[in-house]
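Structural overview
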Amino acid sequence: MKNKDYLKAYCEFFETINKDTQFEKYNYFFDENSIFQDPFQKVLGVEKIYEVFQDMYEVLFEAKFIVLSHSCDETQSFIHWIFEYKTKKDSDFNSFEGVSIVKFNDNARVSSHVDYWDAASNIYEKIPLLGFILRLIKKKISINE
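Residues numbered from 1 in each chain as written. Predicted model: local features only at pLDDT ≥ 70, side-chain atom pairs only at ≥ 80, totals over all residues. Heavy atoms only, no water.

Once that is clear, we can look at the overall build of the chain. For the chain, the helix and strand inventory stands at 5 helices and 6 strands. Its helices and strands taken in sequence order, the chain reads α-α-β-β-α-β-β-β-β-α-α from the N to the C terminus. Every one of the 145 residues in the chain was classed for burial, and the buried ones make up 35%. Split by element, the accessible area of the chain, about 9200 Å² in all, is 53% carbon and sulfur. (Helix = DSSP H or I, 4+ residues; strand = E, 2+ residues; numbered from the N terminus. Buried < 20%, exposed > 50% of the residue type's maximum accessible area, 1.4 Å probe, protein only. Areas by Shrake-Rupley, 256 points an atom, 1.4 Å probe, with all protein chains shown as cover.)

Rendered as structure tokens:
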């Protein structure tokens, strides 16, 4: 199996995981040396990665990833995605776009998965007081104003 095959299978996993996805499925893609990192945390090992996703699915409703595109070379892979979620069961969907850099080890497991997305505009700016301050700062430093 080559990187592009690993990536295709991983993208399918990424798009289908949900709160009911069993640990064994995560264990197929990650091992005790796998690293997962996003703007909020960096964790090591399949158990911690599973906890991160389970926590996300407990806090959010109907959360899902939609893979828009992916590519790879011999050493790393890129996944361009949209994350959709609801903050309450009866609320409207929110979404934001991001990119993941994924590296696979020789055993076809993820050695590193690092997410890149704008936490300020997608999360922090939606918190009432903090959002006001961040939007004010953004306005002050923007060349468009």
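As for its position among the elements, Thr21 is in the loop between α1 (3-16) and α2 (23-29). One polar contact links the side chain of Thr21 to the main-chain amide nitrogen of Asn18, over a distance of 2.8 Å. Aside from chain neighbours lying at most four places away, what touches Thr21 is Phe13, Thr16, Tyr26, Tyr50 and Gln54. (Polar contact = N/O pair within 3.5 Å; in protein donor to acceptor, adjacent residues only side chain to side chain. Contact = heavy atoms within 4.5 Å.)

Attention shifts here to the pattern of salt bridges. Counting across every chain of the model gives 4 salt bridges. Here Lys48 ties to Glu51 by a salt bridge, and the two come within 3.8 Å at their closest N and O atoms. With a gap of 3 residues between them, Lys48 and Glu51 both fall in helix α3 (residues 46-59), about one helical turn apart. A salt bridge links Lys86 to Glu62; the nearest nitrogen and oxygen atoms lie 3.2 Å apart. Of this pair, Lys86 sits in strand β4 (residues 77-86) while Glu62 sits in strand β3 (residues 61-72), and the two are 24 residues apart along the sequence. (Salt bridge = Lys/Arg side-chain N within 4 Å of Asp/Glu carboxyl O.)

All right, on to the sheet that holds strand β1 (residues 30-38) then. Strands sit in the order β2-β1-β6-β5-β4-β3 across an open sheet of 6 strands; the sheet is mixed. A strand with exactly one partner marks an edge of an open sheet, and here the two such strands are β2 (41-44) and β3. Each neighbouring strand pair of the sheet contributes to a mean axis angle of 20°, computed without reference to strand direction. Packing against the sheet, α1 makes contact with β1, β3, β4, β5 (94-104) and β6 (110-116), and its axis sits at approximately 165° to β3. Sitting on the sheet, α3 touches β1, β2, β3 and β4, and the angle it makes with β1 is about 45°. (Pairing = 2+ DSSP bridges. Axes fitted to C-alpha atoms, helices over the stretch in contact; angles between N-to-C directions.)

In this section: α3. End to end, α3 covers 20 Å across 14 residues, agreeing with the expected 20 Å (1.5 Å per residue, within 8%). Listed in full, the buried residues belonging to α3 are Val46, Ile49, Val52, Phe53, Gln54, Met56 and Tyr57. As for α3, its buried residues are in contact with α1, α2, β1, β2, β3 and β4. (Expected span 1.5 Å × (residues − 1).)

With that settled, the discussion passes to the side chain of Ser112. Considering the arrangement of structural elements, one finds Ser112 in strand β6. Among the residues examined, Ser112 registers a relative accessible area of 16% and is labelled buried. Residues within four places of Ser112 in sequence aside, it is in contact with Ile35, Ile101, Val102 and Lys103.

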